[in-house]
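Report on the structure
Here is how the chains run, residue by residue.
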Amino acid sequence: MDWGLKNRLAQIIKPQNNRALMLAVDHGYFLGPTEKLENPKKVIAPLLKHCDSLMLTRGVQRTSVDANTDTPMVLRVSGGSSIIGDDLSQEDITVSIQDAIRLNASALAMSIFVGSKYEYQTIVNLGKLVSEAEQYGIPVLAVTAVGKELGKDARYLSLACRVAAEQGAHIVKTYYCENFEKVVQSCPVPIIVAGGKKIPERDAMQLTYNAIKGGAVGVDMGRNIWQSEHPVAMIKAVKAIVHQNYNVDQAYKMYQKLVAEESKRTPKSKGNKPNQKKSKKQNNQKKQNNQNKPQQKKSKKQNNQKKSNKQNKPNQNNPKQNKPNQNNSNKPNPAKK
Ligand code: R5P
């Protein structure tokens, strides 16, 4: 293997333990402003130093990542469809190798859609990309994307991963599934597992643990990190599973501890901000209500009613007369006992 290719791969899969923690933030390339990734710059900044590599598009890299970082970039170079379009599998290569080099990409990533309408196009593109990238010593990560109509079982994923590896992909990204070991065993290159949709933190840790146990080199996780209420705590816990062989209990305890420390550190004024905003809203609502004349009239009426009630109040000095008033409607009536 060429020195440059080997060196770039080592930036992504750490040679010390053959493990990898990739943070995925490329979702916008077909989903647009994904929930909690609306502002990539804000999301990426606190997480960047905790991942081994960052998977993203060139647009986000240029606009939202500090160029002084030493975190390696895994650049997505495929695209062409969006979630509201006709067919997500209709992807092509959208970034030139020259631009990838300008961006100092440590690896290139693209999706293949095995079993979909555009299977041929995406698989041929993968072969071409590998040929081109290898000229410059850049590894290629193939993403085995799954369409709505395709399953995510070991049989299908084994097929998709193997097809990607046969085209020369240096790493394959796929999903965790039952009998995942079979997927790993039949794929001659390292497999990294995608996190998938947001699930409870502990479950995402379990997924990470299972993936590693099943033979994956690590995870390429996105939503389960930055859609968490505590992204930094979450990435640290996932990292501990990937790199320190933590089990799920240990990682989850670590997460809880970090969350507790985080909430202690958070200044009260900051934490109260959402409430302050809420109460402003409430105040406005109140003002609006006060401007509402019929309600004022109603409350005058109510006041008159109150006055007349007061006037009808029995003499407090007369215990017999007091009895009915002491009967709060919510209290059980002793007379009924
Ligand atoms: C899809 O948009 C990308 O390939 C993501 O990088 C991949 O799905 C991993 O992100 P997540 O953990 O959110 O599934």
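A brief look at the structure comes next. Predicted model only: the values in this text are computed from it and were never measured.

Now for the nonpolar core. Membership of the largest hydrophobic core comes to 83 residues, with the highest contact counts inside it found for L108 and V238. Broken down by element, this core gets its largest block of residues, seven residues, from helix α11 (residues 231-244). In this structure L108 touches L75, V77, A100, L129, A133, I138 and V140, once residues within four positions along its chain are discounted.

Below, the discussion takes up the pairing of strand β2 (residues 53-56). Side chains S53 and M55 project from β2 onto one buried face, and the interleaved L54 and L56 project onto a second face that is buried too. With three bridges joining them, strand β1 (residues 20-24) and β2 adopt parallel strand pairing. Of the residues in β2, the one forming a bridge with M22 is S53. As defined by bridge partners, β2 adjoins strand β3 (residues 73-76) across three bridges and the pair is classed as parallel. Note that in β3 the partner of L54 across the bridge is M73. With helix α4 (residues 58-64) bridging β2 and its parallel neighbour β3, the resulting β-α-β unit is right-handed.

Turning to the site of the ligand, a few remarks are in order. Around the ligand, a shell composed of 13 residues is seen, among which A24, A194, G195, G222 and R223 lie nearest. Taken together, the elements giving at least two residues each to the shell around the ligand come down to β10 (218-221) and α10 (223-226).

Across the interface, helix α9 (residues 201-213) lies against α11 with an axial gap of 9 Å and an inter-helix angle of 25 degrees. What the angle tells us is that α9 and α11 run roughly parallel. The interaxial crossing formed by α9 with α11 has right-handed handedness. Contact residues: E201, M205, T208, Y209 and I212 in α9; M234, A237, V238, I241 and V242 in α11. Grouping the amino acids of the contact of α9 with α11 by side-chain chemistry returns eight nonpolar, one polar and one charged.

Parameters at a glance
Residues numbered from 1 in each chain as written. Predicted model: local features only at pLDDT ≥ 70, side-chain atom pairs only at ≥ 80, totals over all residues. Core = buried A, V, L, I, M, F, W, Y, C linked by C-beta atoms within 7 Å. Buried ≥ 20, exposed ≤ 12 C-beta atoms within 10 Å, placed from the backbone. Helix = DSSP H or I, 4+ residues; strand = E, 2+ residues; numbered from the N terminus. Contact = placed C-beta atoms within 7 Å. Pairing = 2+ DSSP bridges. Right-handed = clockwise from strand over helix to strand, strands pointing away. Near = placed C-beta within 6 Å. Axes fitted to C-alpha atoms, helices over the stretch in contact; angles between N-to-C directions. Parallel < 35°, antiparallel > 145°, perpendicular 65-115°, else oblique. Left-handed = near helix turned anticlockwise from the far one by under 90°. Nonpolar A, V, L, I, M, F, W, Y, C, P; charged D, E, K, R; others polar.

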